[in-house]
Amino acid sequence: MRYLDKDTIFHWLDPRTKIFLSLACACLIVILDKPMSLLVLFITILFGFILLKPPFSYVKLATYLMAIAFVATIISQGLFYYFEPKTPLVTILPAEFGLLGRITGGIYLYKEGLIYGAVQSMRLFSAMLLGMIIVMTTYPSELILGLNRLGVSERVGFMLTVSIRFLPALVEEAKRILIAQRLRGLRLKGISGAFKGFCFLLLPLIIDSLRSARRIALAAEVRAFSGKRTSVKSLKFSLLDWVTFVITSLIIILAIKYRFNL
Amino acid sequence: MNLYIASIIFIVILGGVIFYLSLRRRLLCHFSTQELVTIALICSLLYVAVLPFKFGLSRIPFIQAFFFSIPFTAVLVIGIRLVPKFGTATLLIFGNSLLAQIVSRGINPLWWPYALLSSFVLEAYFLITKNYLKTLVNTIGAGILRGLVVYLYFYFIAGPYIWHKFYAPWYISIQTLQGVIGSGLGALIGFALSKTILGAYRHGGI
């Protein structure tokens, strides 16, 4: 998933506001406990996602990730439902089934667990969709700048910038090495093959990348890099940012008030 | 919610103690540009190395912890052995967490304590042993410690308090055990691979 060059309300927001929105969403995910409030949060974020008009491939990816999260949460919470009452729907392993049954206390698929899992998966959906919205509407460099303005060290900012710059180069280099290995007759299959392949790939990949790292460090040092950087883009808090900030803060305060009956 | 907040307080105190000890032992030093770029490279590599496992072997239920922890720990060990300094583990683990959030998941500060705990535990381990993965035993110890802390924190605190997802004690035990074995194995692989890399580094191959 990459940045979408569009002109939407999310694109106008300052990266710091987006970081605040992420934090607010994360807090709401933890605070909200009623199925209806979780549904409202999810629908609101889904509306934001639709507003962006993402390409079909992104919609497909989001649906695929949400489907995986939904199935995994339903199954895991169906099996490990924590609260009472519990109604077993399917007995996977009876409690009387030897040592395994005694250790696990029996493995059952609970009806209430399946419902609980379905409700809780909305927390995952909300976080996933908001993450996608931020990735699609903000350049990584702007997010790093936003983090720097919020107090994250500039050296860490530089490190993150270089990391992001390395990512596509590393993937390309890994592909090149794998092709070269296959041309030399390397055929690996199965789980042990996957790990052997990982070891064979890692060594040339790191050694080659360390060469690039040395070049980048040298280039930075000859430009008298001291950790502090200037940026072409300057961040500015607009009226829209303030409005978003105030509304989101109010929503969090209200959520806390209702959740803890203050 | 209380246990999660208590964990944050514990992590802050642990970080403070480690910082104080590093100041007293005069371990706190600046990273050169070369070292910062190397750490940045390993951060990216941590992200790339787990990708095939994330969408492949780690989707297999019940055994995902084992497959997931091997590549991560292997690359982490290589990174720490390349820059054996106080703070490298924190920059690598927290940097990787931030990178993953910036690139794919979106910034979520609620998961920062998880990354900070796993890095602070390693920093504390290095402070106590006074050894930055120079020996195989020390490396495997660090791997096992990382696996233990990360999986216990995830299943007992992060999962239930952030996602409201609960797990049975027997399942947590199985996953943690796999995480510990996987991290130990990953540390072993990382140690073996880093020998060659460090050799190439020392003899001017890079």
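Residues numbered from 1 in each chain as written. Chains lettered and ligands numbered in written order. Predicted model: local features only at pLDDT ≥ 70, side-chain atom pairs only at ≥ 80, totals over all residues. Heavy atoms only, no water.

(A) Expanded view of the domain arrangement of chain A. Taken domain by domain, chain A comprises domain 1 (9-138 + 234-260) and domain 2 (153-222). Taking only C-alpha atoms, the centre of domain 1 of chain A and the centre of domain 2 of chain A are 34 Å apart. (Domains from an automatic or database assignment.)

(B) Region of the structure containing the packing of aromatic side chains. Within this structure, the stated rule accounts for 25 aromatic pairs over all chains. Aromatic pair Phe80(A) and Tyr171(B): ring centres 4.6 Å apart, planes at 40°, arrangement tilted. Here Tyr171(B) lies in helix 7 (residues 169-202) and Phe80(A) lies in the loop between helix 4 (56-79) and strand 1 (88-93), a pairing that spans two chains. Judged by relative accessible area, Phe80(A) falls into the buried class, the value being 6%. Given the relative accessible area of 7%, Tyr171(B) is considered buried. Relative to Trp112(B), the ring of Phe94(B) has its centre 5.7 Å away and its plane inclined at 85°; by these criteria the two rings are edge-to-face. (Phe/Tyr/Trp six-rings, centres within 6.5 Å; stacked < 30°, edge-to-face > 60°. Helix = DSSP H or I, 4+ residues; strand = E, 2+ residues; numbered from the N terminus. Buried < 20%, exposed > 50% of the residue type's maximum accessible area, 1.4 Å probe, protein only.)

(C) Fine view of helix 3 (residues 35-51) of chain A. Residues and elements named next belong to chain A. Spanning 17 residues, helix 3 covers 24 Å between terminal C-alpha atoms, matching the ideal 24 Å at 1.5 Å per step. Looking at the packing, one finds that the buried side of helix 3 touches helix 1 (9-12), helix 2 (15-31), helix 4 and helix 6 (111-137). Residue lysine 53 follows helix 3 closely and has a positive phi angle near 50°. (Expected span 1.5 Å × (residues − 1). Contact = heavy atoms within 4.5 Å.)

(D) Region of the structure containing the interface of chain A and chain B. The interface is formed by 64 residues belonging to chain A together with 59 residues belonging to chain B. Considering only the surface of chain A that becomes buried against chain B, Phe80(A), Met159(A) and Leu210(A) emerge as the three largest contributors, covering 12% of it. Where chain A touches chain B, the interface holds 7 residue pairs in polar contact (both at pLDDT 80 or more). Listing elements by their share of the side of chain A that touches chain B, those giving two or more residues are helix 2, helix 4, helix 5 (98-104), helix 6, helix 7 (140-149), helix 8 (154-183) and helix 9 (190-222) of chain A. By residue number, the principal contributor to the side of chain A that touches chain B is helix 9 of chain A, which donates 19 residues. Residue composition of the side of chain A that touches chain B, by class: 50 nonpolar, 9 polar and 5 charged. (Buried area = accessible area lost by both parts, 1.4 Å probe. Polar contact = N/O pair within 3.5 Å; in protein donor to acceptor, adjacent residues only side chain to side chain. Nonpolar A, V, L, I, M, F, W, Y, C, P; charged D, E, K, R; others polar.)

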